[in-house]
Amino acid sequence: MKKIAIMTTGGDCSGLNTVIQRIVRGATLRGWQVWGILDGTDGLSTTPPSVIRLDEGVIPIENARLAGSFLHNGHAGALNFETAAEEGSLKDFNKKIQQSLRSLKFDALILVGGNGSLSLAWAHRDIYADLQLICIPKTIDLDIPMTDRTIGFNTAVQQLTSFCDQLMLTARSHHRWFVVQTMGRDCGQLALNAGVAIGAGAILIPEIKFDVDALVRHIQQAPTDYGIILVSEGISLRGHSGRPADMISRKLTAAGIVNRTAFPEHTQRSGDTTADDRILSARMADCALNAIENNETYVMTAINDCVCKTVSLADFYAAGDAAHDPNIPDLCTSSAYVSPDDPLLGVAHDMGIYIGETK
Ligand code: F6P
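All values derive from a computational prediction rather than experimental measurement.

Strand order in the open sheet formed by four strands is E7-E8-E6-E9, and the pairing between neighbours is parallel. Only two strands of the sheet have a single neighbouring strand rather than two, namely strand E7 (202-204) and strand E9 (259-262). Each strand axis lies, on average, 20° off the axis of its neighbour in the sheet, ignoring direction. For E7 and strand E8 (residues 227-232), the ladder comprises three bridges, and the chain directions are parallel. By the bridge assignment for E8, Ile203 is matched with Leu230.

As a further point, take helix H10 (residues 275-293). An ideal rise of 1.5 Å per residue puts 27 Å on 19 residues; H10 measures up with 27 Å between its terminal C-alpha atoms. Turning to H10, its buried residues number three or more, namely Asp277, Leu280, Ser281, Met284, Ala285, Cys287, Ala288, Leu289, Ala291 and Ile292. Of the residues trailing H10, Asn295 is marked for its positive phi of about 60°.

Near the ligand, the surroundings consist of Ile140, Asp141, Met183, Gly184, Arg185, Glu233, His266 and Arg269. Arg185 has a polar side-chain atom sitting 3.0 Å from an oxygen atom of the ligand. Contact distances for the ligand include 3.0 Å between an oxygen atom and a side-chain N or O atom of His266. Out of a free accessible area of 400 Å², the ligand has 67% covered by protein chains.

If you look at the biggest cluster of nonpolar residues, it comprises 64 residues, and the most contacted ones within it are Ile4, Ile6, Ile23, Ile110, Ile136, Val180 and Ile228. Within the second largest apolar cluster, 34 residues are counted, among which are Ala85, Phe93, Leu120 and Ile328.

Time to look at the state of the cysteines. Considering all chains together, one arrives at zero disulfides under this definition. The thiol of Cys164 is not disulfide-bonded; the next cysteine sulfur, from Cys187, is found 17 Å away. This cysteine, Cys306, is not joined by any disulfide, and Cys308 carries the nearest cysteine sulfur, 11 Å off.

Okay, the pattern of salt bridges next. A full pass over the atoms with the stated rule returns eight salt bridges. Of the charged contacts, one joins Asp272 and Arg65 as a salt bridge, the two residues approaching to 2.6 Å between their closest N and O atoms. Residue Asp272 is located in the loop between E9 and H10, and its partner Arg65 is located in the loop between strand E3 (51-53) and helix H3 (81-86); the two are separated by 207 residues in the primary sequence. Residue classification places Asp272 among the partly exposed residues on the basis of a relative accessible area of 43%. By relative accessible area, which is 29% here, Arg65 ends up partly exposed. When the shortest N-O distance is used, the salt bridge between Asp276 and Arg149 registers 2.8 Å. Of the two residues, Asp276 is situated in helix H10 and Arg149 in the loop between strand E5 (132-137) and helix H6 (153-173); the sequence distance between them amounts to 127 residues. We classify Asp276 as partly exposed; its relative accessible area is 33%. Taking relative accessible area as the criterion, Arg149 reaches 25% and is therefore assigned partly exposed.

Next up on the list: the environment of Pro137. Take Pro137: it is sitting in strand E5. With a relative accessible area of 0%, Pro137 lands in the buried category. Distance from Pro137 to Thr150, taken between C-alpha atoms, is 5.4 Å for residues 13 residues apart in sequence. Setting aside anything within four residues of it in sequence, one finds Pro137 in contact with Gly113, Leu118, Ile144, Thr147, Arg149, Thr150, Ile151, Met284, Met300 and Thr301.

Rules used in this analysis
- Per chain, the residues get numbers from 1 upward, laid out in the order the sequence is written.
- Two thresholds apply to this predicted model, a pLDDT of at least 70 for residue-level local features and 80 or more for giving and counting side-chain atom pairs, whereas whole-chain, interface and lining totals are computed over all residues.
- Calculated side-chain values reflect all of the structure's heavy atoms, with hydrogen atoms and water omitted.
- In short, DSSP must find at least two bridges between two strands for them to pair.
- The numbering of helices and of strands both runs from the N terminus, where a helix is a DSSP run of H or I of at least 4 residues and a strand a run of E of at least 2.
- A fitted line through C-alpha atoms represents every axis, and for helices the fit uses only the stretch in contact; the resulting angles, taken between N-to-C directions, go from 0 to 180 degrees.
- To estimate the expected span of a helix, count its residues, drop one, and scale the result by 1.5 Å.
- Buried, partly exposed and exposed residues are distinguished by accessible area as a fraction of the type maximum, computed with a 1.4 Å probe on protein chains only: under 20%, between the cut-offs, and over 50%, respectively.
- Residues are counted as near a molecule or strand when any one of their heavy atoms sits within 4 Å of it.
- Residues adjacent in sequence count toward polar contacts only when both atoms are side-chain atoms; beyond that, a polar contact is any pair of N or O atoms within 3.5 Å, and within protein one must be able to donate a hydrogen and the other to accept it.
- The method behind every accessible area is Shrake-Rupley, applied with a 1.4 Å probe, and residues are considered shielded solely by the protein chains displayed.
- Within this scheme, the nonpolar core is defined by two criteria: the residues are buried Ala, Val, Leu, Ile, Met, Phe, Trp, Tyr or Cys, and they are joined through side-chain atoms within 4.5 Å.
- Count a disulfide wherever a pair of cysteine sulfur atoms falls within 2.5 Å.
- One side-chain nitrogen of Lys or Arg within 4 Å of one carboxyl oxygen of Asp or Glu is enough to make a salt bridge.
- Contacts between residues were defined by any pair of non-hydrogen atoms, one from each residue, lying within 4.5 Å.

Here it is in C-alpha cells:
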C-alpha cells in the first residue's frame with residue numbers, strides 16, 4: 001500500500017479543494033493512504049510535522065467546490081523558503097523539511113502550487129530525493145510555463161466577469177466609466193480574458209505598451225459613454241506612481257472622461273469553483289495519481305492541446321522567462337506571459353477593444 005501526501009502552497013485559488021477531494025477519492029480507490037500537510041511548508045518545518053490523515057469523509061463531495069484550501073496555504077510571517085533565505089537559515093530550513101518528509105515515510109508528495117513553489121521545488125530538489133514529487137499547477141495568474149491551463153484561472157475570470165457585469169449597469173445609469181484593477185502580477189492573461197468576456201472598452205496589460213493619448217481618444221470615440229477599462233496590476237506609467245487604476249483614472253479625468261475606480265482584489269481568488277475548473281482539477285488529480293503509479297518523479301501535470309500529461313520539472317524550469325527572485329538569491333522563477341501572437345489579442349483588437357500599441 002502506498003502512502004501519499006498532498007500540500008497546497010502559495011496563494012490560494014478556487015479549485016484547490018476539488019483537486020484535494022479528487023486525489024483522496026482516486027487514491028482511496030487504489031487502496032492507498034492519503035495524508036494532508038497543513039499550511040504548506042509551515043507544516044513540515046514544525047516538530048512534529050503538522051499533518052492529518054485524509055479519508056473520504058474529510059472533504060464531503062458537496063464542499064469540494066468551495067474556494068480556499070482545506071489544508072491552508074501557510075501562515076503570514078511563518079518561516080518559509082523566502083523568510084529563511086532572508087535570515088540566512090535556508091540550508092537548515094531545507095534540511096528540516098527533508099527530515100520531516102523522511103520521518104513521515106511518504107512514497108509520494110503531490111505539491112499543488114504556483115510558479116514560485118514549482119521553481120523552488122526544482123531548485124531545491126534534493127529535499128524530495130526520498131519520494132516521488134508530482135506537482136499540479138494552480139494560479140489565477142496563468143503564468144506557469146509548459147501548460148495551457150492552471151487550476152483557479154477559469155474561476156478567477158468568472159469572478160472578475162461577474163464583478164464587471166454588475167459595474168456595467170451602474171456605469172450606464174451614470175454615463176461614466178469604471179477603471180477596474182485586476183490581479184495577475186506581471187501577466188495580463190486574467191485581464192485579457194475577462195476583458196474579452198465583458199466587452200471592455202480597453203484592456204491594459206504589462207506585456208503591451210500603451211499610449212495614454214490613444215487610450216483617451218479611443219474612449220472618447222467609443223459608441224457608449226460608459227463601460228469598463230480593465231487595468232492589470234502589473235502595468236506601469238512612466239513618471240507616475242501609485243495604484244495603476246488610480247494613475248489611469250487621473251489621466252481620464254484630466255481629459256474630461258467621467259470615471260470611477262474599482263478593485264475586486266481577492267474576490268478573484270474566491271467564489272464557487274466553476275465547472276471548468278472542477279473538470280480540470282479532476283483531470284490533473286487523475287494524471288498525478290497515474291504518474292505515481294508509473295513511478296514518475298519531478299514532474300508537473302499539464303494540459304497542452306487539450307491533452308493532460310506530465311512534463312518534467314526540469315523542462316518547466318528551463319522554459320518561460322526566468323526572473324531572479326530578489327528574496328531568494330539563488331532562485332530564478334520561471335514565468336509565462338501573454339505572447340504577442342496570443343489569438344485573444346487579435347480578437348480583442350477586432351472587437352474594438354483598445355489593447356495598447358500592438359502594431
Ligand atoms: O499570484 C496570485 C495573486 O493573487 C496575484 O494575482 C496577486 O498579485 C497576489 O497573489 C496577491 O497576493 P496576496 O494574497 O499576498 O495579497
